[in-house]
Amino acid sequence: MEIVVLPALSDNYMYLICADAEAVIVDPAAEDPVMRELDKRGLTLTRILITHHHYDHVQGVPGLCRHTNAEVIGPNDERIPGLKHPVREGNTFAFAGSDFRVLDTPGHGDRDVSYLLRTPGRPDALFCGDTLFVSGCGRVLEGSAEALWTSLRKLAALPDETRVYCGHEYTEENLRFALTVDPHDRVYQDSLTAAQQRLRDGLPTVPSTIGTEKKANPFLRCDSSVAFTALRKRKDRF
Ligand SMILES: [Zn+2]
């Protein structure tokens, strides 16, 4: 099992999860990079996993459906093109000796889900769309701050070694914001330096881990829903 990070649009990440003969794509913002990678590896796309309906997470779906027989899986939302199998909290489906578990994580939108890939003998991998970012979280667009807080608490309760694969490369800006909250925080300073180095080297800052996020994400460091809501509003103005 290999997780390939595919950049798309200006700052989106798509994730191609590759087994021996088949692959699954998470949030295809574009069709071409996915088709190229499938061709290069000789893999058949069997599923398209969608975290939420925003165009920059589903734009590649119609093209991928034309070129493959992949099934579209996502939350029950008519705005997701080609949706075949609506899923919600607790649903699981098998993939090449691993399985995916669905978590309801609304707040950014009103129906967002995340997918937890569980492979025996390896840390779990979380695909959380625009709910949790590296050192940040999604904006409250159609959901509520209260719902997003509850979703983030749910993700923070996953094992520390869980790998976090989020929907955008926002890490540098998120850490700049974190340093306006705690200007002398060493974890934020060191994380920013490390992120900037990776970006200079042309590398993504994903995956993070839940353990790292509990230390280096100001939104996961909030101790109440009230503090979280205030911090989220402050970030909206940053
Ligand atoms: Zn979004």
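Located above this text is the structure these notes cover.
Because the structure is a prediction, the values reported are computed rather than measured. (Residues numbered from 1 in each chain as written. Predicted model: local features only at pLDDT ≥ 70, side-chain atom pairs only at ≥ 80, totals over all residues.)

Trainee: So what exactly am I meant to see when it comes to the environment of Arg-139 here?
Mentor: If you trace the backbone, Arg-139 turns up in the loop between β12 (136-137) and α4 (145-156). Considered as a pair, Arg-139 and Leu-231 are 92 residues apart in the sequence and their alpha carbons are 11 Å apart. Look past the residues within four positions of Arg-139 in its chain and what remains in contact with it is His-108 and Asp-236. (Helix = DSSP H or I, 4+ residues; strand = E, 2+ residues; numbered from the N terminus. Contact = placed C-beta atoms within 7 Å.)

Trainee: How should I be thinking about helix α6 (residues 186-200) in this particular structure?
Mentor: An α-helix turns once every 3.6 residues. As a result, residues three or four positions apart point the same way. With 15 residues, α6 ought to run about 21 Å at 1.5 Å a step, and its terminal C-alpha atoms sit 21 Å apart, in line with that. At its buried positions, α6 is contacted by α5 (171-181) and α7 (210-216). Two residues or fewer after α6 comes Gly-202, characterised by a positive phi angle close to 75 degrees. (Expected span 1.5 Å × (residues − 1).)

Trainee: In this structure, what is going on with the sheet that holds strand β4 (residues 44-49)? I would like to understand it.
Mentor: By definition, the strands of a sheet pair up through backbone hydrogen bonds, in either a parallel or an antiparallel sense. Taken in spatial order, the six strands line up as β1-β2-β3-β4-β5-β6 in an open sheet, and their pairing is mixed. Strands at the two margins of the open sheet, each flanked by one partner only, are β1 (2-8) and β6 (83-86). Strand-to-strand twist of the sheet, defined as the mean angle between neighbouring strand axes without regard to direction, takes the value 30 degrees. The sheet contact formed by β1 and strand β2 (residues 12-18) spans seven bridges and is antiparallel. Of the residues in β2, the one forming a bridge with Val-5 is Tyr-15. (Pairing = 2+ DSSP bridges. Axes fitted to C-alpha atoms, helices over the stretch in contact; angles between N-to-C directions.)

Trainee: Quick question: what am I supposed to make of the packing of α5 against α6 here?
Mentor: The description of two helices packed together rests on the angle between their axes and the distance between the axes. As a packed pair, α5 and α6 sit with axes 9 Å apart at the nearest point and diverge in direction by 160 degrees. As the angle between them shows, α5 and α6 are arranged roughly antiparallel. Pair α5 / α6 crosses with left-handed handedness. In this structure, α5 uses Thr-171, Glu-172, Leu-175, Ala-178 and Leu-179 to contact α6, whose residues at the interface are Tyr-188, Gln-189, Ser-191, Leu-192, Ala-195, Gln-196 and Leu-199. (Parallel < 35°, antiparallel > 145°, perpendicular 65-115°, else oblique. Left-handed = near helix turned anticlockwise from the far one by under 90°.)

Trainee: Whenever I open this one, the environment of Pro-33 confuses me. Can you help?
Mentor: Of note, Pro-33 is situated in helix α1 (residues 32-41). Considered as a pair, Pro-33 and Leu-49 are 16 residues apart in the sequence and their alpha carbons are 16 Å apart. When neighbours within four sequence positions are excluded, Pro-33 is seen to be in contact with Leu-6 and Ala-8.

Trainee: Looking at this structure, how should I read the sheet that holds strand β7 (residues 92-95)?
Mentor: Across the sheet, six strands lie side by side as β7-β8-β9-β10-β13-β14; this open sheet has mixed pairing. Where the open sheet ends on each side, the last strands, each with one partner, are β7 and β14 (208-209). Alignment of strand β9 (residues 113-118) against strand β10 (residues 125-127), held across three bridges, turns out to be antiparallel. Residue Tyr-115 lies in a different strand from β10, and its bridge partner there is Phe-127.

Trainee: I would appreciate a short explanation of unusual backbone geometry in the present structure.
Mentor: Trans peptide bonds make up most of the peptide bonds, and negative phi angles are found at most residues other than glycine. Here the residue pair Val-206 and Pro-207 is connected by a cis peptide bond, since its omega of -5 degrees sits within 30 degrees of zero. By the secondary structure assignment, Pro-207 is in the loop between α6 and β14. Notably, Asp-27 is not glycine yet its phi reads approximately 50 degrees, a positive angle. Relative to the helices and strands, Asp-27 resides in the loop between β3 (22-26) and α1. Classification of Asp-27 by C-beta neighbours within 10 Å gives buried; the count is 29. With a phi angle near 60 degrees, Ser-135 is a residue other than glycine that sits in the positive phi range. Its place among the elements puts Ser-135 in the loop between β11 (132-133) and β12. (Buried ≥ 20, exposed ≤ 12 C-beta atoms within 10 Å, placed from the backbone.)

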